[in-house]
Every structure is written in structure tokens, then in C-alpha cells.
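# Results of the structural survey
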Amino acid sequence: MSSTLAGWLQVLALVGALALCYRPLGDYIAHTLTSKKHLRAEQALYKVIGVDADADQRWPVYLRSVLAFSAVSVLFLYTLIRVQQWLPLGLGVEQMPGHQAWNTAISFVANTNWQSYSGEAAMGHLAQMAGLAVQNFVSAAVGIAVVATLIRGFTRNRTDRLGNFWVDLTRVSVRLLLPVSIVFALALVATGVVQNFHGFHEVATLAGDPQSVPGGAVASQEVIKLLGTNGGGFYNANSAHPFENPTGLSNFLEIFLILVIPFALPRAFGRMVGDNRQGYAIVSVMGLFWVASVALLTLAESHHAGSALQSAGGAMEGKEQRFGIAASSLFAASTTLTSTGAVNSFHDSYTAFGGGLTMFNMMLGEIAPGGVGSGLYGMLVLAIVAVFVAGLMVGRTPEYLGKKLGGREMKFASLYILTTPTLVLVGTGVAMALPGERAGMLNSGAHGFSEVLYAFTSGANNNGSAFAGITVNTDWYDTAIGLAMVFGRFLPMVFVLALAGALAQQQPVPATPGTLPTHKPLFVGLLSGVVLIVVGLTYFPALALGPIAEGLS
Amino acid sequence: MSKPLPTAVRTHLTALRALLVLTVLLGIAYPLLVTGISQLAFADKANGSIVEVDGKEAGSSLLGQNFNLPKQNPDDPDEAPRPDPQWFQPRPGAYDPKASGASNLGPNSEDLAKSIEDRRQAVAAFDGVDPASVPVDALTASGSGLDPHISTAYAQEQVERVAKARNLPVDTVRKLVDKNTDGRPLGFLGQPGVNVVQLNKALVEQK
């Protein structure tokens, strides 16, 4: 079979698998977020946590719960990382410097999983499983909880109650993430992913040289790293490492895990607002961008432009033989269009346009389909902007799903959209202005600039992948990217919750002949245009200095 | 009676309790459960797909290895490794699992272009082939630095050199290459490759 045909069959199979899951999984998530009944296990958990599971919170209380949980998580994780060498399963790693532990703690709590450390050198097993992997679960659950409040903003009327954070957090963890993780962790072990508590295991190779075979509870962490769109690798090489991703089959499963929840969430949305067509419209926009990105990225990598790649005869630098161009490009597009940031090949060595596309994917705000929860709330904010734009064009009061979009709603939506570009562009600008920080680039010229731009794009969008040549384990980068991650994660959440609160207070307005239908192809086109123009164009000048300049030179 | 705690403190205590409960469930119980089942059902794979030669562990079939000649001066850390003609050679790399990772050199990097050209000349001379015919995987480093596979083209290129160095019939070696070629899982996932560790192990066992 030709590589091209196999590559496209792979994409088709993935689309088929995701389509099969869309309805059942989306309905299940909707049920999880709306059911009045608590499982017995959950009731036991609520008792220990000490919350009244039937008491709904106002949006400021919900927000304070999110922030308190995240703050406590950062402190706990920071402490665990700093003391891990004295705890069991520490593997004799050295103590991590304060700035790096701070950066790592924030990174995992913010669902980013930017890694300025190297997994096999800096992390013991206990810190991985009881620290990092736990945040992989709960930061994903927080994302879904926040999007649940935004949906409730549309479905609830004349109320200030948006749900209970502790219930949403627990249910998403227990009912959704944990069972899927158990099943797929075992599936990954069956393909060869390791799952043990060994340290480095010394062997003599066939040629007689010493080699250290690493161990770890990898499969259990790998699966939630992808399912929760986190992306932090157990090992430094992330999903390119044969122990994290040993075969073409494990690779397919991993890409599926990245996409399955983000692509099913629009169904949960449609279900909850009582109109499945609304979900189809949103998922169409997401699917459109994803397919376009996969196609363009595969095309760019197949043509291996660039002097070094041309002389090699293919873009295989930083790519694994068992994946090849197609499966690497598919992974790269999926990981950067979600907030995952796991990599099965190294984007720094991608062609200028291929690498530029991975950056552009993140710059779109990771909404196609985006991170778990964060992708959908990002897309819904843009849908609100799209409805508003359409309203201005025809001169009517804009409404979305029966709620008026007035000044207050639009202010929150605008603030949401402005946050990330500000962080990315200011961060990159300051780094480029400082000679010491410029020296962190591995490559020179336009490609070096791309490394810095990628770093801030990845941090502020909570992706976590890197043009990994850049040296970021410094006081300055750990601090600056740490701040970009915190603000990039939690400021948008503040605006989303405030927006949800504003929507829930309203009395619904009945649809009139003048109401823009938001389930028709016209709206899909309008929303796609808004995504490209409002978000994409913001970054065009910066992209022109980096990947575009390199690709055209 | 003591005064109730301020709301902000109470919220953070609730958060701490929630985090601890979830840590026990998701950070301890879950990985232990998965490890337990894996060790029962897939012990070999869960422990790293270790390969053995004559009852002795010789690495993992998933992690690539170097197949170099012994160093001329074992104390010289800068001595360039020399490939051993008796073995199939992997893609360029250090194959150190304590430091996995990629070169991260850009598509127009002069350093990368120079490495590629050097490798092309060295591999062509070593295998006795035309430099233009050396396949791309022999010229580029992998993402993990531990890639156990090479392309079938690169394996075929090495067959005659290995057969000669080991005094084996070329056909025998070619058959071993075929036997250790991993096709695409399900026929269309990923890319085919020859597992160098398995292939070289088969060579050792070819008595």
C-alpha cells in the first residue's frame, strides 16, 4: 500500500471512530453534567470533602472554588516536586530548582504541561503519578466544569445559580475520565507501553555496551495525558519515546484519545440546550479547521522544503520511522489544535510552513476542537462574537440561543479574546528585546524567532508543546512563561464564568423571523470567518517575521 | 464556642480536602490498579519488552541500541564512535535512554545540513553504495533518539556488508531482514520498518 493511501486511510479511520463516539459520548457527558442523582461513591467523596452536593453556587462562588482548588493544587504540586527526593520512589533524582518547580506546578495545574525539565532525569515515580498525573485528571475536569457553567448560562433563566463546582469536578473525574483511562491504559500496555515501578534497569546491549532501560507507571499517565489534553510526557521525548508510543496502533489510539472528548462536547452542548443541531453546527466548524490543518500540514511535510531537509531527501529529522510523515503530521495537527502539546515528532525540525501551521493552530485559540472544555468555551465565545457581528450587519439585536447579547456580554467576550494575544505578543516582544533571553534560541534568524514565539504561544494557550531547541530552564523563561500560563488559563475562565452569570440572569427572548439561525451552514461559514479574521489575523505580523519569512527565504 | 472560619479559608480547606481525596483515588489507587492488571495480563510488555540472548537480558526490543566497535581509547570521551560492520546499524543517535530527545535543528539549519552530508558520505562508504542512494532515515536523527526501526531500504542496503562480515550467505541475512520487518498495524497505521534490535538478535542466534 502506498504511504499516501495509508495516510489518508488513517485519517478516515480516525474520523469514523470519532463520529461513532460523537452521540453516545456527548449524551453521556450531558447526562453527567445534568443528572440529579449522585452515585454512592460520589456521596462518600462529598462527605469527606465536606460539601453539600445539592447546593448550587452563584458564579462568583463557583469561580472562587475553581481558583481556590487551582491555588491549592499549585502549592501541593510545588511542594511534592521539591521534596520528592526524600519520599519513596524518588529514584535518586536531584532537587529541582525553585523556579523550575514553580513553572512545572503551574504548568500542570493550568492544563498546559509545558516542560522545562526532562522527565527521565528530573521526576521520580511518586511525583509523576501522585502529582503530575493527578493534575492531568483534575485540570481537565476543571475545563469541562467551566464549559458546563457557560452552557447552563444559556439553559437557565432568571437565576444566579450555575451549578456546584465540587460536584462537576468529582463527576467528570469519576464518571468520565477515570473509566475511559482504565480501559485505554490497558489497551496501551497491550501495544507495549510500560507500566511498572522499576527504576533504571542496567543491561548489556547486544554489542556489549551498557544501557539503562527506564521504568515507570507510564501507560496510566500516558492515557490521561492525552484524554485530558494535557500533553506532559513521562519521558523527555514525550510520545515519540517508544515506551510511551511503541507502534502505529498505539499512535492511532493516542490521537483518538486526544480528540475524542473535545469533539464529543458539542453534542453535550446541543443536548443540554435542547437542540442537537446547535451541536452539529459547532462541531462542523471544529471539523473543518481540523481537516484543513491535517491536510496542509501533511502536504508541507511531504514536500520537505528547507535546505537541510532537501539535502536529506525527506522531512524525517525528529520523526520516528514507525510513524513516518503522515502519522506524525496527523499527531502534530491534533495536538496543537487541542491544548494537548504532546508530540510524537519534534516540531522544531518541521518544515517552515509545517512548523508555522502548528503555531497557527494554537494561535486560533485551540478551538478546533480545542482542549477538553476550554475548546468548547473558546468556540462558544467566538460564536457569540459571530452572532454579534451578524447582528450589526443586519441591524438587529443579536441573540444566541434565546439570550440577548448586550454590552455586558460583549465586554466579557472581547476581554476573553484579547487576553491570549496580549500575553503571547508582549511576552515574545520582551524576550526578543533582552539579549540574554535571545541567547536561549538554538537556531538563528527567523527560525530562532519562531522558537521564542512558539514558546509564548504554547504557554499562553496552555498547549505545552515546544520548538524544543530553545533553552527555557532559566529564571527568566520559567517565570515569564509561568505567568503566561497562569493568566492564559485563568483570566479567560474568569470572563467565561462572568459571561455565564450574565446570560443566566436573563429572561429568554422568543425567536422571531429576524433571529439569525445558528444551526445552518450560513452560520458555520460566518463562524469560521470570524475565527480566521478576529483571531488568526491578530498574529499575522508575528508569523510573518518567523515561519513565513523562513519559508519564503 | 470559637468563631467560624472566614469564607476564603473555608473554601481553601474544602479545596485541599478535594485535592487529597482525588489524589488518593486518581494518583494512587488508579495507577496501582492498572499496574496490577498489566503485570498479570501483559507482564512482558508492561516490563519493557526485554529481549534475552542465552538467558541474559540484552535490552528492550523497543529501544534502539548502538552497534559500534570497542573504543580504541576507553578513557577518551570525545572519540568518535566507529560502526561495527557485523551489525545492522540504526539511525544516527546516541541511544541513551537516560536522555531521550531530538536534535531540534531547524529545516534550514546549516549544522543539520552539514551533519546530513557527513552522514551520507560515511554511510555510503561504509555500506559500499552510491551516496545518492542512501535513504533518508539513515541521514536523520529520530524524535526520541531511541528509534528501534530503520526503513526496509536502509536494511537492504546493509545486507551484503553484514553477510560478508559474518560469513553468512546473503540470502540467509535477507530472510532475517524480512522476518524482522514490522508492517503497518491493521495494514494502514504508521509506517513499516525493520526492528534493528530484533534483527541483530536474530543474527546472533544464527549459529
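Here the structure is a predicted model, which means the values were calculated and not measured.

Here we come to the overall build of chain B. A tally of helices and strands in chain B yields six helices and five strands. Taking 17 Å as the expected radius of gyration for a compact globule of 207 residues, we find that chain B reaches 24 Å, considerably beyond that expectation. If one aligns the C-alpha atoms of chain B with their principal axes, the spans along those axes are about 90 × 45 × 45 Å. When each of the 207 residues of chain B is scored for burial, the buried share is 47%.

Each side of the interface is counted separately: chain B has 92 residues, and chain A has 106 residues. Of the roughly 7,700 Å² buried where chain B meets chain A, counting both sides, 66% is carbon and sulfur surface. Of all residues in chain B, Y30(B), N104(B) and P107(B) give up the largest surface area on contact with chain A, accounting jointly for 10% of the area buried on that side. Between the two partners, chain B and chain A, sit one salt bridge. Two residues, R322(A) and D147(B), come together in a salt bridge whose shortest N-O distance is 3.8 Å. Applying the counting criterion to the chain B and chain A interface returns 40 residue pairs in polar contact (both at pLDDT 80 or more). The set of elements that each furnish at least two residues to the side of chain B that touches chain A consists of helix 1 (7–41), helix 2 (43–46), strand 1 (50–53), strand 2 (56–60), helix 3 (110–127), strand 3 (149–150) and helix 6 (196–205) of chain B. Ranked by the residues each element gives to the side of chain B that touches chain A, the list is headed by helix 1 of chain B, at 25 residues. Per-class residue counts for the side of chain B that touches chain A are 47 nonpolar, 34 polar and 11 charged.

Splitting chain B by domain gives domain 1 (7–43) and domain 2 (49–205). Domain 1 of chain B and domain 2 of chain B are separated by 42 Å when their C-alpha centres are compared.

Here the focus is the confidence of the model for chain B. Mean pLDDT over chain B works out to 95, with 99% of the residues at or above the 70 mark. Both scores are available for the predicted complex, with the pTM at 0.97 and the ipTM at 0.96.

All names here are of chain A. For the pair helix 14 (residues 374–394) and helix 15 (residues 407–433), interaxial distance at closest approach is 10 Å and the crossing angle is 125°. By the angle class used here, helix 14 and helix 15 are oblique. Of the two possible hands of crossing, helix 14 and helix 15 adopt the one that is left-handed. Here helix 14 contributes S374, Y377, G378, V381, L382, I384, V385 and F388 to the contact with helix 15, which in turn contributes M410, A413, Y416 and I417. The residue inventory of the contact of helix 14 with helix 15, partitioned by class, reads 10 nonpolar, two polar and no charged.

Residue and element names in this part refer to chain B. Strands sit in the order 3-5-4 across an open sheet of three strands; the sheet is antiparallel. Taken across any chain shown, the strands that pair with only one partner, and hence form the sheet edges, are strand 3 and strand 4 (181–182). Two strands pair when backbone bridges link them, and strand 3 and strand 5 (residues 193–195) are joined in this way by two bridges, in the antiparallel orientation. Bridging across to strand 5, I150 finds its partner in V194.

Our focus in this paragraph is the packing of helix 4 (residues 152–166) of chain B against helix 5 (residues 170–179) of chain B. The relative placement of two packed helices comes down to the angle between their axes together with the axis-to-axis distance. Residues and elements named next belong to chain B. Across the interface, helix 4 lies against helix 5 with an axial gap of 9 Å and an inter-helix angle of 140°. Crossing hand, helix 4 versus helix 5: right-handed. Across from A155, Q156, V159, E160, V162 and A163 in helix 4, the residues of helix 5 making contact are V170, V173, R174, V177 and D178. When grouped by side-chain class, the residues that make up the contact of helix 4 with helix 5 number seven nonpolar, one polar and three charged.

Within a regular strand, side chains alternate between the sheet's two faces. Bridge count for strand 1 (residues 201–204) of chain A against strand 2 (residues 210–213) of chain A is four bridges, and the pairing is antiparallel. Bridging from a neighbouring strand, H201(A) pairs with V213(A) of strand 2 of chain A.

Residues and elements named next belong to chain A. Take H447: it is sitting in helix 17 (residues 445–460). For H447, a relative accessible area of 6% puts it in the buried group. Of note is the side chain of H447, whose polar atom sits 2.7 Å from the side chain of D348.

What follows concerns unusual backbone geometry. With omega at 5°, the peptide bond leading from A368(A) into P369(A) counts as cis. Topologically, P369(A) is positioned in the loop between helix 13 (352–363) and helix 14. The backbone of T229(A) sits at a positive phi, close to 45°, despite the residue not being glycine. Turning to its location among the elements, T229(A) is positioned in the loop between helix 8 (218–227) and helix 9 (248–272). For T229(A), a relative accessible area of 0% translates into the label buried. One non-glycine residue, N167(B), lies in the positive phi region at around 55°. Judged by its relative accessible area of 71%, N167(B) is exposed.

Conventions we followed
- Residues numbered from 1 in each chain as written.
- Chains lettered and ligands numbered in written order.
- Predicted model: local features only at pLDDT ≥ 70, side-chain atom pairs only at ≥ 80, totals over all residues.
- Heavy atoms only, no water.
- Helix = DSSP H or I, 4+ residues; strand = E, 2+ residues; numbered from the N terminus.
- Rg over C-alpha atoms; globule rule 2.2 N^0.38 Å.
- Buried < 20%, exposed > 50% of the residue type's maximum accessible area, 1.4 Å probe, protein only.
- Contact = heavy atoms within 4.5 Å.
- Buried area = accessible area lost by both parts, 1.4 Å probe.
- Salt bridge = Lys/Arg side-chain N within 4 Å of Asp/Glu carboxyl O.
- Polar contact = N/O pair within 3.5 Å; in protein donor to acceptor, adjacent residues only side chain to side chain.
- Nonpolar A, V, L, I, M, F, W, Y, C, P; charged D, E, K, R; others polar.
- Domains from an automatic or database assignment.
- pLDDT = per-residue confidence, 0-100.
- Axes fitted to C-alpha atoms, helices over the stretch in contact; angles between N-to-C directions.
- Parallel < 35°, antiparallel > 145°, perpendicular 65-115°, else oblique.
- Left-handed = near helix turned anticlockwise from the far one by under 90°.
- Pairing = 2+ DSSP bridges.

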